[in-house]
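Each chain, letter by letter, is given below.
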Amino acid sequence: MTQYLGTFINILFYVLWAAILGRVILSWINLSPQNPIVVLIFGITEPILAPIRRVLPSMGMLDLSPMIALIVLMVIQRILLSLI
């Protein structure tokens with residue numbers, strides 16, 4: 001049972017990591033905000049990135065929230081995996 005839970009946690013965090021990385025790549029590409037892929041990725045990542053942006057001081061055009069989110073996700077993943 002714990003093996004399945006560990007696999008689920010790994011897959012969940014991999015999907016979140018890939019979505020955040022996809023959002024970073026999308027910020028470099030000029031796609032329509034109505035594009036279904038853009039809507040999906042923003043829907044997945046905005047609940048994670050928005051609270052970090054509120055806490056992080058503004059650094060002009062540089063958005064460090066995805067980097068902070070990836071670090072926090074890795075820490076949470078390791079904590080969860082060590083608990084099971």
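Here's a quick rundown of the structure.

Basis of the calculations
Residues numbered from 1 in each chain as written. Predicted model: local features only at pLDDT ≥ 70, side-chain atom pairs only at ≥ 80, totals over all residues. Heavy atoms only, no water. Helix = DSSP H or I, 4+ residues; strand = E, 2+ residues; numbered from the N terminus. Expected span 1.5 Å × (residues − 1). Buried < 20%, exposed > 50% of the residue type's maximum accessible area, 1.4 Å probe, protein only. Contact = heavy atoms within 4.5 Å. Polar contact = N/O pair within 3.5 Å; in protein donor to acceptor, adjacent residues only side chain to side chain. Salt bridge = Lys/Arg side-chain N within 4 Å of Asp/Glu carboxyl O. Phe/Tyr/Trp six-rings, centres within 6.5 Å; stacked < 30°, edge-to-face > 60°. Lys NZ or Arg CZ within 6 Å of the ring centre and 35° of its normal.

## Points about helix α1 (residues 2–28)
Stage number 1. Taking 1.5 Å per residue, 27 residues should reach 39 Å; α1 reaches 40 Å between its end C-alpha atoms and fits that length.
Stage number 2. Within the span of α1, buried status applies to Gly6, Ile9, Phe13, Leu16, Ala19, Ile20, Gly22, Arg23 and Leu26.
Stage number 3. Looking at the buried side of α1, the elements it contacts are α2 (36–55) and α3 (65–83).

## Considering the side chain of serine 65
Stage number 1. Checked against the element boundaries, serine 65 lands in helix α3.
Stage number 2. Within polar-contact distance, the side chain of serine 65 engages the side chain of aspartate 63 at 2.8 Å.
Stage number 3. The residues contacting serine 65, other than those within four sequence positions of it, are Leu49, Ile52, Arg53 and Leu56.

## A few points about the pattern of salt bridges
Stage number 1. Applying the stated criterion across every chain, the model contains three salt bridges.
Stage number 2. In this structure, glutamate 46 and arginine 53 form a salt bridge, with 3.2 Å as the shortest nitrogen-oxygen distance.
Stage number 3. With a relative accessible area of 30%, arginine 53 lands in the partly exposed category.
Stage number 4. One salt bridge in this structure joins aspartate 63 and arginine 53, with 3.3 Å as the shortest N-O distance. Here aspartate 63 is found in the loop between α2 and α3, whereas its partner arginine 53 is found in helix α2, with ten residues between them in sequence.
Stage number 5. On the basis of relative accessible area, aspartate 63 is assigned to the partly exposed category, the value being 38%.
Stage number 6. One network of salt bridges, in which partners are shared, links Arg23, Glu46, Arg53 and Asp63.

## Points about the environment of leucine 81
Stage number 1. Relative to the helices and strands, leucine 81 resides in helix α3.
Stage number 2. Considering only alpha carbons, one finds leucine 81 and leucine 31, 50 residues apart in sequence, at a separation of 37 Å.
Stage number 3. Excluding residues that lie within four positions of it along the chain, leucine 81 makes contacts with Gly6, Ile9 and Asn10.

## A look at the packing of aromatic side chains
Stage number 1. Overall, the coordinates contain one aromatic pair when judged by the stated rule.
Stage number 2. With a centroid separation of 6.2 Å and an interplanar angle of 25°, the aromatic rings of tyrosine 14 and tryptophan 17 are classed as stacked. Remark: tryptophan 17 and tyrosine 14 occur in helix α1; sequence separation between them is three residues, near one turn of the helix.
Stage number 3. What makes tyrosine 14 exposed here is its relative accessible area of 55%.
Stage number 4. Judged by relative accessible area, which is 36%, tryptophan 17 ranks as partly exposed.
Stage number 5. The aromatic ring of phenylalanine 42 is capped on one face by arginine 23, whose charged end is 3.8 Å from the ring centroid.

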